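The lines below spell out each chain.
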Amino acid sequence: MIELIKTDAAEINIDPKEVAVYLGYYSVKSTDDKTKELICSCTKEFLEAASFRACIAKVPVKLENGVDLGFMKTESRSLQKNLSGCDFAYILAATTGFDAHRLIERKSLISPVCGMVTDCVGSAAIEAFCDKVNASLENADFLRPRFSPGYGDLSIEFQKDITEFLETKKNIGLSLNDSLMMTPVKSVTAIIGIGKEKNKCTGPGCMICRNDNCPYR
Amino acid sequence: MNVLDKIKSGITYFDGGAGTLLQSWGLKAGEYPENWNITNPEKIVEMHRLYLEAGTQIITSNTFGANSLKFDNLEEIINAAIANAKKACEGYDAFVALDVGPLGKMLEPLSDLPFEKAVEIFSKTIKIGASAGADLVLIETMNDSYEAKAALLAAKESCNLPVFVTCVYDESKKLMTGADPAAMIAMLEGLGADAIGMNCSLGPKQMVEIVPEFAKYASVPVIVNPNAGLPRNENGKTVFDIDADEFSDIMCDIVKAGATIIGGCCGTTPEHIKKTVEKTKNLPFSLPEKKNFTVISSYTHAVEIGKAPVIIGERINPTGKKRFKEALRQNDIGYILNEGLSQNKKGVSILDVNVGLPEINETEMMVSVIKALQGVIELPLQIDTVNPAAMEQAMRIYNGKALINSVNGKEESMKTVFPLIKKYGGVAIAVTLDENGIPDSAAGRVSIAEKIIARAAEYGIESKDIIVDPLAMAVSSDSNSANITLEAVRILHEKGIKTSLGVSNISFGLPSRADVNSVFYTMAMQNGLDCAIINPHSEEMMKAWHCFMALTGKDENCVDYIEFADTLSPVKTSFAPANTAELDSCIISGLKEQAGIAASELLKTQAPMDIINEKIIPALNTVGKGFEEKKVYLPQLLMSAQAAKEAFDAIKASIPSGEGKKGKIVIATVKGDIHDIGKNIVKVLLENYGFEVIDLGKDVAPEKIVEAVKSSGAKLVGLSALMTTTVPAMEETIKLLRKEIPDCRVMVGGAVMTEEYAAMINADSYSSDAMGAVRFAESLFN
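These numbers come from a predicted model, not from an experiment.

1. Digging into the overall build of chain B
Secondary structure summary: chain B contains 30 helices and 25 strands in total. Relative to the 2.2 N^0.38 estimate, which gives 28 Å for 782 residues, the radius of gyration of chain B is 30 Å and therefore close to what a compact globule would have. Principal-axis analysis of the C-alpha atoms places the extent of chain B at approximately 95 × 75 × 50 Å. Counting only residues that meet the buried cut, chain B has 57% of its 782 residues in that class. Considering chain B, the positive charge centre built from 77 side chains and the negative charge centre built from 101 side chains are found 2 Å apart.

And the structure:
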């Protein structure tokens, strides 16, 4: 059973601090006034263009000799660790839509700085949307951090399995190109383990990645 | 009776959903239902029979996902599916539709599936289905207008069967990629669909709201195949919330709203169809009336011509524009797109696209520019060319129903243009000249217009799809020319024929042309002019248009006029820096406009190269150093770069040719990679530092990069890749560059790149940020 979710842009709260971090600032305090204004205006435009849609399904988890989610099987140790102790997981795909995709392209053409800020707003927006979806789920307090293909040793190839399983092109317009890049550009696919104990976190999603130089960790 | 006669004779019934039924018979989640045509043919036949017994008259073959991307045994599957459907139909008066669903991939420019490749994939499926004996093609569940066009074009080119098209609209009454019903109707009818409508996604309650849009604009029969409401989870099973009774009740409203071909989609069962047939079969039936709207469309919306004067922006045209010609020669698509974006901002409704220049391949350029424009701009386009090949290719890849500029009264022109309009759809601008030239009377021009309209009818093109341009000729060479044109506009308008003019020709050879143009424009609108090709950056022309709209009651409460008046340029306060040091601080502070003004001021007292070397570059270095020391952040660096660019632009014209350029660099995002924000930042900074950057864009094949390096003689290539999946393409590009152009240097960057990775794929340099790329380029060229 694939559930479709559509959220009004007015309900999405984009934190300027998050955007500042994506832009390379260490804190929002270090942003200058012009950048702050730019973040604010680009956020407003992005929210006007964005259409927040997600599809989600609950699947059983088997953890013997790897991870078996029914529609995909993997030996990824990172995912095993993330899902340990889970009998079920949500499979999520979410997007900010085609108008937002085109807005970023358009902005980059008119002004590279607006393009870059809008791109970072988009990254913050899709995360904010996913957080909102997470919070709305049954067992929200028991959920593990979102784990996406490409994290740790989970091959990015699994984007294919998730998008096919959730029929994302039909349901929310999300598709992959031959290099497994997502269209619309600000989209997420993820596995969210449903733990049995409240807030028992077995390592945050992206923190398990081996890229120690990543500025976002 | 064939299916086209059938749909004209009364309400016609499709079948309903297949998935739920097949799953209850054992189809597993994730299993392709199309395989059942071969493995469980008796069950597929049984499913069709259940629908036929319920009253279905057109059954859809079990081929929704049957395409060559998914199946190696495509022919076997489709042949079996059609055979099963035909077998089920024995004894029934019913038709078999070859069911064609979406490909599961998004087309360019949103993703990487080329339009022509999509046409090819659809063609394969449709050819097999047609030769297997399908009675019609049903293209369904399309949520992208471009994919719907590819499928419909493929059907038209692959078979002679009737083609029906249904798309997926959401609560906002739009397709996922943005098109509204009016835009889809314009495009699909233009391409020759025999019936059009909607399916899936929404339940009948929501679709009732959309049907009137179709009833208003569509001239062909309207199809409505809703889901059985919205899905919900009940004990782990998907159930839909509208049962057969409620469904069939709402279907009565759908028929009353104008649909004449109805059925169901996901969640509907033979029971839903049976009750729908019972309740609707005796409702009054009437086919939609032929509509007389002149409509063009983009991938988001339609523009109706004839309601209020429409502005066509003329700036994407090299005529008389040195910088534009240079952009065409250098393949600088970014510059051309900016011409489109700035006109969009000024409020034009349509963009004219003319890229004809003797020394370039116009067809290729037209295709690239249209693809790029429709990636970012939502306005419909006017394809403006005299080159038939360029016109056809542009019409093919255009995502909507285009305006075509132009056809004229010469037999040769009509013979060339009308078959294209018939095939691809479009509205033609018909210029009133023929083998005998341009008549010097209004009556003569009207007569040519009528000849063109009559000839178009012979090709099956309706008069609503012809807009007549009775030609504005220079009043400086014939003092009666404006009178003739205006009179022709008036007569054509009275005859109900739509008109367009290239307004600015009228003032050719006169001083203060904008004044003449704007008054003539007002006079022409008063005589009934429907569209005009003008320069939207001309304040006089925009004033004329806004005032006309307000004065003729087409701008309620003068809201738009008041907003426009607010934007009119106030007296500019001059910004005169007290000393030259201020240019530095403008750049360092990222003050774009002030930097331009300061540079212009400095130019009065200093040589341009001195301004660059003593002011601009040191200022950029200050910011760049700050960035490297992490005291300045990327947005500030870019704002400074934009300010520096403004200063460069202000003094560019005064730089002696050949001076100030440090060297050529080719940059590109590699094949398969569709993200280029980082690459664009590198470009801006390299340009700031005086490098000539040849930007090939994103998703660029290795061969194309090599070719660009060879033809430009660039000594350095910058490559960007975002993901691990595209790094192999980067490696391949470097290999090819090493082989073909061994002395060319390569620098790489991108999110997943590291020093080690760069060395592994044999790059000369790795930069973690844009300044690093500038530093490497400087070290190489100095």
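2. Regarding the overall build of chain A
Along the backbone of chain A there are seven helices and eight strands. When each of the 217 residues of chain A is scored for burial, the buried share is 57%. Taking the intrachain contacts of chain A between residues at least 6 apart in sequence as the baseline, contacts between residues at least 24 apart amount to 76%. As displayed, chain A has an accessible area near 9,600 Å², and 48% of this comes from carbon and sulfur atoms.

3. Concerning the sheet that holds strand β18 (residues 466–469) of chain B
All names here are of chain B. With parallel pairing, eight strands are arranged side by side around a closed barrel as β13-β14-β15-β16-β17-β18-β19-β20. Neighbour-to-neighbour, the strand axes of this sheet turn through a mean angle of 30°, independent of strand direction. In the packing of helix α13 (residues 333–346) onto the sheet, contacts are made with β13 (310–316) and β14 (350–353), and the angle to β13 comes to roughly 155°.

4. A short note on the interface of chain B and chain A
Taken together, the contact pairs 55 residues of chain B with 45 residues of chain A. Buried area between chain B and chain A, summed over both chains or domains, comes out near 4,300 Å², and the portion from carbon and sulfur atoms is 62%. In this assembly, chain B and chain A are joined by four salt bridges. Here lysine 698 of chain B ties to glutamate 105 of chain A by a salt bridge, and the two come within 2.5 Å at their closest N and O atoms. The interface formed by chain B and chain A holds 17 residue pairs in polar contact (both at pLDDT 80 or more) in total. Elements supplying a minimum of two residues to the side of chain B that touches chain A: β8 (231–234), α13, α14 (362–376), α25 (634–652) and α26 (677–688) of chain B. Here the side of chain B that touches chain A gets six residues from one element, more than from any other, and that element is α25 of chain B. In terms of residue class, the side of chain B that touches chain A is made up of 25 nonpolar, 20 polar and 10 charged.

5. With respect to the nonpolar core
Core analysis: the largest hydrophobic core is formed by 168 residues, its most contacted members being Ile139 and Tyr521 of chain B. Residue assignment places this core across two domains, with domain 1 (3–280) and domain 2 (470–567) of chain B each supplying three or more. The contact partners of isoleucine 139 of chain B, leaving out residues within four places of it in the chain, are Val100, Ala151, Leu152, Ala155, Val163, Phe164, Val165 and Thr166 of chain B. Core analysis: the next-biggest nonpolar cluster, separate from the first, contains 92 residues, Ala20 and Val185 of chain A together with Leu637 and Val684 of chain B among them.

6. Here we look at the packing of aromatic side chains
For the coordinates displayed, the defined rule picks out 12 aromatic pairs over all chains. Consider the rings of phenylalanine 115 of chain B and tyrosine 146 of chain B, whose centres lie 4.7 Å apart with planes at 25°: the pair is stacked. With phenylalanine 115 of chain B in helix α6 (residues 115–132) and tyrosine 146 of chain B in helix α7 (residues 145–158), this residue pair connects regions lying 31 residues apart in the sequence. Each member of the pair, phenylalanine 115 of chain B as well as tyrosine 146 of chain B, is classed as buried. Looking at lysine 58 of chain A, its charged tip hangs above the ring of phenylalanine 88 of chain A, at a distance of 5.2 Å from the centre. Cation over ring: lysine 321 of chain B sits above phenylalanine 324 of chain B, and NZ or CZ is 5.9 Å from the ring centre.

7. Thoughts on the confidence of the model for chain A
Counting all residues, the mean pLDDT for chain A is 88, and 89% of those residues have values of 70 or more. The least confident element of chain A is helix α1 (residues 16–22) of chain A, whose mean pLDDT is 88; the most confident is strand β5 (residues 88–95) of chain A, at 96.

8. Side note on the pairing of β18 of chain B
Residue and element names in this part refer to chain B. A two-sided burial pattern is seen for β18, the buried positions comprising Ile466 and Val468 on one face and Ile467 and Asp469 on the other. Taken together, the four bridges between strand β17 (residues 427–431) and β18 define a ladder with parallel strand orientation. When the bridges of β18 are listed, isoleucine 429 appears paired with isoleucine 467. Each parallel crossover has a hand, and for β17 linked through helix α17 (residues 442–458) to β18 it is right-handed. Here β18 pairs with strand β19 (residues 498–502) via two bridges, running parallel.

9. Some remarks on the sheet that holds strand β24 (residues 745–749) of chain B
All names here are of chain B. Strand order in the open sheet formed by five strands is β22-β21-β23-β24-β25, and the pairing between neighbours is parallel. Of all the strands in the sheet, just β22 (692–695) and β25 (765–766) have a single pairing partner and so form its edges. Sheet analysis places strand β21 (residues 664–669) next to strand β23 (residues 716–720), joined by five bridges and oriented parallel. Its bridge partner lying in β23, isoleucine 665 is registered against leucine 716. Here helix α27 (residues 702–712) sits on the sheet and contacts β21, β22 and β23; the angle it forms with β21, its principal contact strand, is near 170°. Here helix α30 (residues 770–781) sits on the sheet in contact with β21, β23, β24 and β25, set at roughly 165° to β23.

10. A closer look at the domain arrangement of chain B
It is common to give the size of an interface as the accessible area lost on bringing the parts into contact. Split into domains, chain B comes out as domain 1 (3–280), domain 2 (470–567), domain 3 (581–652) and domain 4 (664–781). Between the C-alpha centres of domain 1 of chain B and domain 4 of chain B there is a distance of 46 Å.

11. Details of the side chain of threonine 12 of chain B
All names here are of chain B. Examined against the element boundaries, threonine 12 turns out to sit in strand β1 (residues 12–13). Among the polar contacts made by the side chain of threonine 12, one reaches the main-chain carbonyl oxygen of glycine 10 at a distance of 3.1 Å. Setting aside residues no more than four positions away along its own chain, threonine 12 makes contact with Lys6, Ile7, Gln57, Ile58, Thr260, Ile261 and Ile262.

12. Observations concerning the pattern of salt bridges
Evaluation of the coordinates by the stated rule reveals 47 salt bridges over all chains. Taking the shortest distance from any N to any O, the salt bridge between aspartate 178 of chain A and lysine 105 of chain B comes out at 2.4 Å. Of this pair, aspartate 178 of chain A sits in the loop between β6 (175–176) and β7 (182–183) while lysine 105 of chain B sits in the loop between β3 (95–100) and α6, on two different chains. Across the pair arginine 490 of chain B and glutamate 494 of chain B runs a salt bridge whose closest N-O atoms are separated by 2.7 Å.

Parameters and conventions
- Residues numbered from 1 in each chain as written.
- Chains lettered and ligands numbered in written order.
- Predicted model: local features only at pLDDT ≥ 70, side-chain atom pairs only at ≥ 80, totals over all residues.
- Heavy atoms only, no water.
- Helix = DSSP H or I, 4+ residues; strand = E, 2+ residues; numbered from the N terminus.
- Rg over C-alpha atoms; globule rule 2.2 N^0.38 Å.
- Buried < 20%, exposed > 50% of the residue type's maximum accessible area, 1.4 Å probe, protein only.
- Lys, Arg positive; Asp, Glu negative; His and termini not counted.
- Charge placed at Lys NZ, Arg CZ, Asp CG, Glu CD.
- Contact = heavy atoms within 4.5 Å.
- Areas by Shrake-Rupley, 256 points an atom, 1.4 Å probe, with all protein chains shown as cover.
- Pairing = 2+ DSSP bridges.
- Axes fitted to C-alpha atoms, helices over the stretch in contact; angles between N-to-C directions.
- Buried area = accessible area lost by both parts, 1.4 Å probe.
- Salt bridge = Lys/Arg side-chain N within 4 Å of Asp/Glu carboxyl O.
- Polar contact = N/O pair within 3.5 Å; in protein donor to acceptor, adjacent residues only side chain to side chain.
- Nonpolar A, V, L, I, M, F, W, Y, C, P; charged D, E, K, R; others polar.
- Core = buried A, V, L, I, M, F, W, Y, C linked by side-chain atoms within 4.5 Å.
- Domains from an automatic or database assignment.
- Phe/Tyr/Trp six-rings, centres within 6.5 Å; stacked < 30°, edge-to-face > 60°.
- Lys NZ or Arg CZ within 6 Å of the ring centre and 35° of its normal.
- pLDDT = per-residue confidence, 0-100.
- Right-handed = clockwise from strand over helix to strand, strands pointing away.

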